[in-house]
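Here's the letter readout for the chains.
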Amino acid sequence: MFLHKHPYKPFIQDNTTKLIVGTLPPPRFSTGELLEKDVDFCYGSYYNSLWLFIDEIHQLGLRYDNSQEAINERKAFLIANKIGVCDIVESAKREKIDASDLGMKDIILRDVVGYLKQFPNINTLLFTGGNSKNGPEYFFRRHLKTYDKKLNLVSNEIPRVHEFDLDDRCIKTVSLTSGSGAANISISRLPLYKQLKARNPKFNTFDFRVLQYREFF
């Protein structure tokens, strides 16, 4: 079994208001075997695409390589926009060394609620995936139960929005469509996507995510 440990500590500032919550980066980020366009930072996989969406939304002209400059660019954006990153999985075991959430076993979760208590300016969690098994929302629901709390539905339209109360403050959660290629099939079935595709045949799943993410980044 491969022990897949998260390679990055949570990236949170005192004034952070939004927190990106995923699961684990691909195993190569833990073993140090990065690809040419990978960035050694949160969501650094070129093929995950989160930073590609953000880059498109803000026209940042980001670097995609193993350099310190590429890391600094991403940190600067997060700090300027009061966005943090705290993936919910600290470690997991895998029989097959890949990035599949379903392949994770013996999972140890991070105390995300503990970080929310430590950083009281955070009011929004941005899940990079929904409530499918071993997704970030799925794990967070499980995590909340240990605090005797649960998510309350605000909007069932994609991206689904929930909220919960913590220490006299209301925290919103948004379950964004995953940036993984596996999510493309589910996107293609959405009525909104079909409608936009009919209007513009060149519209694709990347464009759909940019449209969705724009409101939150």
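This text follows the structure it describes.
Residues numbered from 1 in each chain as written. Predicted model: local features only at pLDDT ≥ 70, side-chain atom pairs only at ≥ 80, totals over all residues. Heavy atoms only, no water.

Student: Describe the sheet that holds strand β1 (residues 2-5), naming the residues involved and giving the relevant values.
Tutor: Read from one edge of the open sheet, three strands run β1-β4-β5, paired in antiparallel fashion. Of all the strands in the sheet, just β1 and β5 (105-109) have a single pairing partner and so form its edges. Neighbour-to-neighbour, the strand axes of this sheet turn through a mean angle of 10 degrees, independent of strand direction. Pairing between strand β4 (residues 89-94) and β5: three bridges, direction antiparallel. Pairing of Val-89 across the sheet is with Leu-109, part of β5. Those strands touched by helix α5 (residues 136-145) are β4 and β5, and its axis lies near 65 degrees from that of β5. (Pairing = 2+ DSSP bridges. Helix = DSSP H or I, 4+ residues; strand = E, 2+ residues; numbered from the N terminus. Axes fitted to C-alpha atoms, helices over the stretch in contact; angles between N-to-C directions. Contact = heavy atoms within 4.5 Å.)

Student: Requested: an account of unusual backbone geometry, with residues and values cited.
Tutor: Here Ile-158 and Pro-159 are connected by a cis peptide whose omega angle stands at 0 degrees. The phi torsion at Lys-82 lies on the positive side, around 55 degrees, for a residue other than glycine. With a relative accessible area of 39%, Lys-82 lands in the partly exposed category. Here the phi dihedral of Asn-134 falls at roughly 70 degrees; this positive angle occurs in a residue that is not glycine. Note that Asn-134 resides in the loop between β6 (124-127) and α5. (Buried < 20%, exposed > 50% of the residue type's maximum accessible area, 1.4 Å probe, protein only.)

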